[in-house]
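So you can see what is in the structure, the chains are spelled out below.
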Amino acid sequence: MITSSVAGQGPGPYQSTYAASKAFVHSFGRALRHELRDTAVTVTSVLPGPTDTTFFARADMEEAWVARGPKADPSDVAHQAFAAMMAGRGQVVTGSWLIKAANLLSAYAPEVLATRMQAALAKPRGRG
Ligand SMILES: NC(=O)c1ccc[n+]([C@@H]2O[C@H](COP(=O)([O-])OP(=O)(O)OC[C@H]3O[C@@H](n4cnc5c(N)ncnc54)[C@H](OP(=O)(O)O)[C@@H]3O)[C@@H](O)[C@H]2O)c1
């Protein structure tokens, strides 16, 4: 199991290095899974949506909209991720149906729109 993020699905203004690193992790996991397809080893890339951990405080993002919006319970996220890994799935988006729906919207929206959505979620409050 490798932990990426829904933030790695596209450009992430105001958390640009983080989003890019999560895109790397996801791509790496997916490639590794392919290389290992003829072995007993599976690779599951986990893409959590916003989750209620110390992440936002540590990232100094407490003022961002994403930090003040709905968040998944970390134990639910862990259960969903573990179940996906045991089922041998290649990837799983964790969190509520709302988080999954928002992720689908972001993943299939034109990039310019998805980037604006990500920017609005991560932008510090009061920043012009
Ligand atoms: N929370 C979210 O909304 C969210 C969403 C998507 C993806 N994720 C991903 O989920 C994973 C877990 O994040 P979290 O939400 O649990 O964040 P967190 O509450 O900030 O916890 C981060 C954990 O990583 C450990 N850590 C940090 N730097 C480390 C290092 N250099 N070596 C070893 N351990 C290190 C910390 O250990 P110490 O406590 O000892 O410092 C802590 O246990 C991360 O990969 C994050 O990107 C989180």
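Residues numbered from 1 in each chain as written. Predicted model: local features only at pLDDT ≥ 70, side-chain atom pairs only at ≥ 80, totals over all residues. Heavy atoms only, no water.

Next up on the list: the site of the ligand. Lining the immediate environment of the ligand, one finds 14 residues, of which Y18, K22, T51, T53 and T54 sit closest. The separation between an oxygen atom of the ligand and a polar side-chain atom of T54 is 2.6 Å. For the ligand, the accessible surface in isolation is 900 Å², of which the surrounding protein chains cover 45%. Of all the secondary-structure elements, those providing two or more residues to the shell around the ligand are α1 (16-35) and α2 (55-58). Broken down by element, the shell around the ligand gets its largest block of residues, three residues, from α2. A per-class count over the shell around the ligand returns five nonpolar, seven polar and two charged. (Near = heavy atom within 4 Å. Polar contact = N/O pair within 3.5 Å; in protein donor to acceptor, adjacent residues only side chain to side chain. Areas by Shrake-Rupley, 256 points an atom, 1.4 Å probe, with all protein chains shown as cover. Helix = DSSP H or I, 4+ residues; strand = E, 2+ residues; numbered from the N terminus. Nonpolar A, V, L, I, M, F, W, Y, C, P; charged D, E, K, R; others polar.)

Core analysis: the largest hydrophobic core is formed by six residues, namely F56, M61, A64, V66, A67 and A122. Those residues in contact with F56 that sit more than four places away from it in its chain are P50, T51, M61, E62, V66, A67 and K71. (Core = buried A, V, L, I, M, F, W, Y, C linked by side-chain atoms within 4.5 Å. Buried < 20%, exposed > 50% of the residue type's maximum accessible area, 1.4 Å probe, protein only. Contact = heavy atoms within 4.5 Å.)

Quick look at the sheet that holds strand β2 (residues 45-48) now. Ordered in space as β1-β2-β3, the three strands form an open sheet in which the pairing is parallel. In this open sheet, the two edge strands, each paired with only one partner strand, are β1 (2-3) and β3 (91-94). With four bridges connecting them, β2 and β3 associate as parallel partners. Its bridge partner lying in β3, S45 is registered against Q91. (Pairing = 2+ DSSP bridges.)

Moving on, we get to the layout of surface pockets. Unfilled space is identified by rolling a water-sized probe across the atoms. A volume near 750 Å³ is recorded for the largest pocket. The set of elements that each furnish at least two residues to the lining of the largest pocket consists of α1, α2, α3 (65-68), α4 (74-86), α5 (97-108) and α6 (111-122). For the lining of the largest pocket, the element with the highest residue contribution is α5, accounting for five residues. Classifying every residue of the lining of the largest pocket gives 20 nonpolar, ten polar and one charged. (1 Å grid on protein atoms, 1.4 Å probe; cavity = no way out; pocket = protein on both sides within 12 Å on 5 of 7 lines; lining within 4 Å. Points joined across faces, edges and corners; volume = space filled by probe spheres on them.)

It is worth spelling out α4 at this point. Counted at 1.5 Å a residue, the expected span for α4 with its 13 residues is 18 Å, and the 18 Å between its end C-alpha atoms agrees. For α4, the set of buried residues is V77, A81 and A84. The arc that holds the buried residues of α4, viewed along the axis, is 65°, so those residues lie on one side. Those residues of α4 that are exposed and aimed more than 90 degrees away from the buried face are H79 and M86. Where α4 is buried, its residues meet β2 and β3. Backbone geometry just after α4 places G88 at a positive phi near 75°. (Expected span 1.5 Å × (residues − 1). Arc of directions from axis to C-beta.)

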